[in-house]
Amino acid sequence: MLPPNRQQLGLIKAGLFLLALIPLARLLWLGMHDDLGANPIEFIERSTGTWALVMLLVTLSFTPLRLLTGTAWPVQLRRMAGLFMFFYACLHITTYVWLDHWFDWPEIGKDIIKHPYVLVGFVAFVLSVPLALTSSNAMIKRLRQRWKTLHRLVYLVAIFAVLHFWWLVKKDITEPMLYALVLAALLAIRLVFSLRKRKGQMV
Amino acid sequence: MLIGKKSDITPSEITPQSVYQDRRQFIKAAGFGLLATAAAGYGLLPQHAWAAAEQRKKITGYAKTAYGADEKLTPYDDVTTYNNYYEFGTSKSDPEEHSKLFKPTPWSVAIEGEVKNPRTVNLEDLLKIAPLEERIYRMRCVEGWSMVIPWIGLPLAQLIKWAEPTANAKFVEFVTLEDSLRMPGARMPILDWPYTEGLRMDEAMNPLTILAVGLYGEVLPNQNGAPIRLVVPWKYGFKGAKAIVKIRFRETMPQTTWVKAGPREYGFYANVNPTVDHPRWTQASERRIGGSVFSPRIKTQMFNGYAEQVAHLYSGMDLRKNF
């Protein structure tokens, strides 16, 4: 299959952009119709958190896709997916700080320090900030090799994000397990290929 | 003569008994379900309205009481659509969605263990033990949310007096229905079924403790633990065993379901206590269900605000250890 030309790529990007806004549109729609269920804040927290995690896994799937199929052009969509991850993570943490805790900073501080699931979630968010800030072409040029090293942080972000979900679940870990398995597969594919490459170089 | 001969095979041998007994209900519910799903999908019917119309039955002849008369009630729709009842699934909406075909009649409760006469009592007879009362109680879930629910029930103390426990009875154990046929969630090994709870004898005898059979003036909905459940308002909600089939008097402390599932996180007493956090989250505050997205959390009260009535039960006990 031929890679898309510039115009086609633009369309694909616009499509992905609209697609990625659906979860937000859904929340706004449900909110306006008073249809967020008995615990609306929990609903918004869960939903924005889930979509941040989904976008993160999408972001991490472009490289395995290239390694497995040889199709390289979709990687041009990666930045947008990554920024949407950050967007939903921002909504997630805003919901937590504003709607859930009403800017009660001492209480929020205690919550982060005392409760491991909050802590890993918070760390994941903090680590994703420099990634979002350095996502422009100019920054890529300016940082060069260091940019690549910096953006390896995304693996830590992903592991912490999955842990954040896993540790908050009371008993039924089916859902976080699903995300953990997808993440493990995405990382394993990278590992297998990089080991193979190293072996090839040694011969 | 051949013509009048009855078949040797009764329907109950071919079909599981409960399905056979519930077949009309099943056909009706399935039919309604399809129609209603279609209608709801097109916005013609508010979702779940049909099920509510099927099941909601008024209770007559219960006494109003002063308990919680000044509290603002959590709306009926929230009380009946946001539930933890893992036998019907682990998400909050599962119990309401997956309990529609559950038929809590006929029902009987076995009274066992350290009692003068172990026996089994029909629900109808059990309800004659004491007059029904309405009790408006706060309900604080261990997960950090709460509701105010107008229960209808009878004081557990009355049933205990009627059951005549022996001097050896130090604890009461509540065993609930385990029926994976009628409870889809119970097919999953999420918890050690049957769900079992327990109280110390003095906790069980406390006037606040009730066996509930209704809420909002109506027969208890399936998702809230029909036909009979425990309500202990100063303890976390999981102590409130639903669909009780056995009440067993014991000399030793019973092993309860959540303690078995996570002994570090859940204790036998499970008293609401803002000063002792769950190992993973705070218990200092709670979200009152029924507010808007802009309603702030409220502070959790010691013993869920019932300290005056129950604090004496725990005097001298280290509540940090006996959580």
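Structure shown above.
Residues numbered from 1 in each chain as written. Chains lettered and ligands numbered in written order. Predicted model: local features only at pLDDT ≥ 70, side-chain atom pairs only at ≥ 80, totals over all residues. Heavy atoms only, no water.

Participant: Help me out: how do you make sense of the interface of chain A and chain B in this one?
Facilitator: In many reports, interface size means the accessible area that the parts give up when they come together. Taken together, the contact pairs 23 residues of chain A with 29 residues of chain B. Between chain A and chain B, the buried area comes to about 2,100 Å², and carbon and sulfur atoms account for 55% of it. Counting the surface chain A buries against chain B, the share from its top three residues, Ala-38, Lys-170 and Lys-171 of chain A, is 33%. Counting across the interface, chain A meets chain B through 4 salt bridges. Here Arg-287 of chain B ties to Asp-100 of chain A by a salt bridge, and the two come within 3.0 Å at their closest N and O atoms. At the surface where chain A touches chain B, the tally comes to 12 residue pairs in polar contact (both at pLDDT 80 or more). Within the residue set of the side of chain A that touches chain B, elements represented by two or more residues are helix H2 (40–59), helix H4 (78–100), helix H5 (105–114), helix H6 (116–133) and helix H9 (153–168) of chain A. Here the side of chain A that touches chain B gets 4 residues from one element, more than from any other, and that element is H2 of chain A. For the side of chain A that touches chain B, the residue count by class is 13 nonpolar, 3 polar and 7 charged. (Contact = heavy atoms within 4.5 Å. Buried area = accessible area lost by both parts, 1.4 Å probe. Salt bridge = Lys/Arg side-chain N within 4 Å of Asp/Glu carboxyl O. Polar contact = N/O pair within 3.5 Å; in protein donor to acceptor, adjacent residues only side chain to side chain. Helix = DSSP H or I, 4+ residues; strand = E, 2+ residues; numbered from the N terminus. Nonpolar A, V, L, I, M, F, W, Y, C, P; charged D, E, K, R; others polar.)

Participant: Explanation requested: the sheet that holds strand S6 (residues 196–200) of chain B in the structure shown.
Facilitator: Strand pairing in a sheet takes place through backbone hydrogen bonds and is either antiparallel or parallel in direction. Residues and elements named next belong to chain B. Spatially, S2-S1-S10-S5-S6 is the arrangement adopted by the 5 strands of the open sheet, whose pairing is mixed. The sheet terminates laterally at strand S2 (119–122) and S6, the two strands that pair on one side only. Taken over all neighbouring pairs, the strand axes of this sheet differ in orientation by 20 degrees on average, direction set aside. Examined bridge by bridge, strand S1 (residues 108–113) and S2 share 4 bridges and lie antiparallel to one another. If you follow Val-109 over to S2, its bridge partner there is Val-121. (Pairing = 2+ DSSP bridges. Axes fitted to C-alpha atoms, helices over the stretch in contact; angles between N-to-C directions.)

Participant: What's the story with the packing of H2 of chain A against H4 of chain A in this structure? I'm lost.
Facilitator: Angle between the axes and distance between the axes are the two parameters that describe a pair of packed helices. All names here are of chain A. Direction vectors running N to C along H2 and H4 enclose 160 degrees, while the axes themselves pass 8 Å from each other. By the angle class used here, H2 and H4 are roughly antiparallel. Considering only the axes of H2 and H4, their crossing is left-handed. Tallied by class, residues from the contact of H2 with H4 come to 15 nonpolar, 6 polar and 3 charged. (Parallel < 35°, antiparallel > 145°, perpendicular 65-115°, else oblique. Left-handed = near helix turned anticlockwise from the far one by under 90°.)

Participant: What am I meant to see in H4 of chain A here?
Facilitator: Side chains three or four residues apart in an α-helix point the same way, a direct result of the helix having 3.6 residues per turn. With 23 residues, H4 of chain A ought to run about 33 Å at 1.5 Å a step, and its terminal C-alpha atoms sit 31 Å apart, in line with that. Two residues or fewer past H4 of chain A, Trp-102 of chain A is found with a positive phi of approximately 45 degrees. (Expected span 1.5 Å × (residues − 1).)

Participant: Whenever I open this one, the packing of H2 of chain A against H9 of chain A confuses me. Can you help?
Facilitator: Residues and elements named next belong to chain A. With their axes 10 Å apart at the nearest point, H2 and H9 run at an angle of 145 degrees to one another. Crossing geometry of H2 relative to H9 is assigned as left-handed. Counting all contacts with H2, which are made through Arg-46, Leu-53 and Leu-56, the residues of H9 involved are Val-154, Val-157, Ala-158, Ala-161, Val-162, Phe-165 and Leu-168. Across the contact of H2 with H9, the residue classes break down as 9 nonpolar, no polar and 1 charged.

Participant: Can you help me understand the pattern of salt bridges in this one?
Facilitator: Opposite charge on two side chains allows them to pair when their charged atoms are near. Residue and element names in this part refer to chain B. Per the stated rule, a full pass over the model turns up 25 salt bridges over all chains. Between Glu-197 and Lys-239 there is a salt bridge, and its shortest N-O distance comes to 2.7 Å. Separated by 42 residues along the polypeptide, Glu-197 in strand S6 and Lys-239 in the loop between strand S9 (229–231) and strand S10 (244–250) bring together distant segments of the chain. Assessed through its relative accessible area of 0%, Glu-197 is described here as buried. (Buried < 20%, exposed > 50% of the residue type's maximum accessible area, 1.4 Å probe, protein only.)

Participant: Looking at this structure, how should I read helix H10 (residues 174–202) of chain A?
Facilitator: All names here are of chain A. With 29 residues, H10 should reach 42 Å at 1.5 Å per residue; the first-to-last C-alpha distance of 42 Å fits that figure. For H10, every residue scored as buried is listed here: Pro-176, Tyr-179, Leu-183, Leu-186 and Arg-190. Turning to H10, the residues buried within the fold contact H2, helix H3 (62–69) and H9.

Participant: Teacher, can you tell me more about the nonpolar core here?
Facilitator: Most often, soluble globular proteins keep nonpolar side chains buried together rather than apart. Of all hydrophobic cores here, the largest spans 81 residues; its most connected members are Ile-247 and Phe-249 of chain B. By residue number, the principal contributor to this core is strand S4 (residues 145–155) of chain B, which donates 6 residues. Discounting residues that sit within four places of it in the chain, Ile-247 of chain B has contacts with Val-109, Ala-110, Ile-111, Glu-112, Leu-159, Val-172, Glu-173, Phe-174 and Leu-211 of chain B. Core analysis: the next-biggest nonpolar cluster, separate from the first, contains 29 residues, Leu-53, Phe-86, Ala-89 and Leu-131 of chain A among them. (Core = buried A, V, L, I, M, F, W, Y, C linked by side-chain atoms within 4.5 Å.)

Participant: What is the right way to look at the pairing of strand S3 (residues 133–140) of chain B in this model?
Facilitator: Look at any regular strand and the pattern is simple: side chains alternate between the two faces of the sheet. All names here are of chain B. Of all 8 residues making up S3, 8 are buried, and the element is well covered by its neighbours. Here S3 runs beside S4; their pairing, made up of 8 bridges, is antiparallel. Each residue of the ladder has a partner; that of Arg-138, found in S4, is Val-148. Joining the antiparallel neighbours S3 and S4 is a turn of 4 residues, in which Gly-144 adopts a positive phi near 105 degrees.

Participant: How do you make sense of the pairing of strand S11 (residues 285–288) of chain B when you look at a structure like this?
Facilitator: Direction of pairing for S4 of chain B relative to S11 of chain B: parallel, over a ladder of 2 bridges. Considered in S11 of chain B, the bridge of Trp-145 of chain B is made with Arg-287 of chain B.

Functional significance is not addressed by these values, which are geometric in nature.
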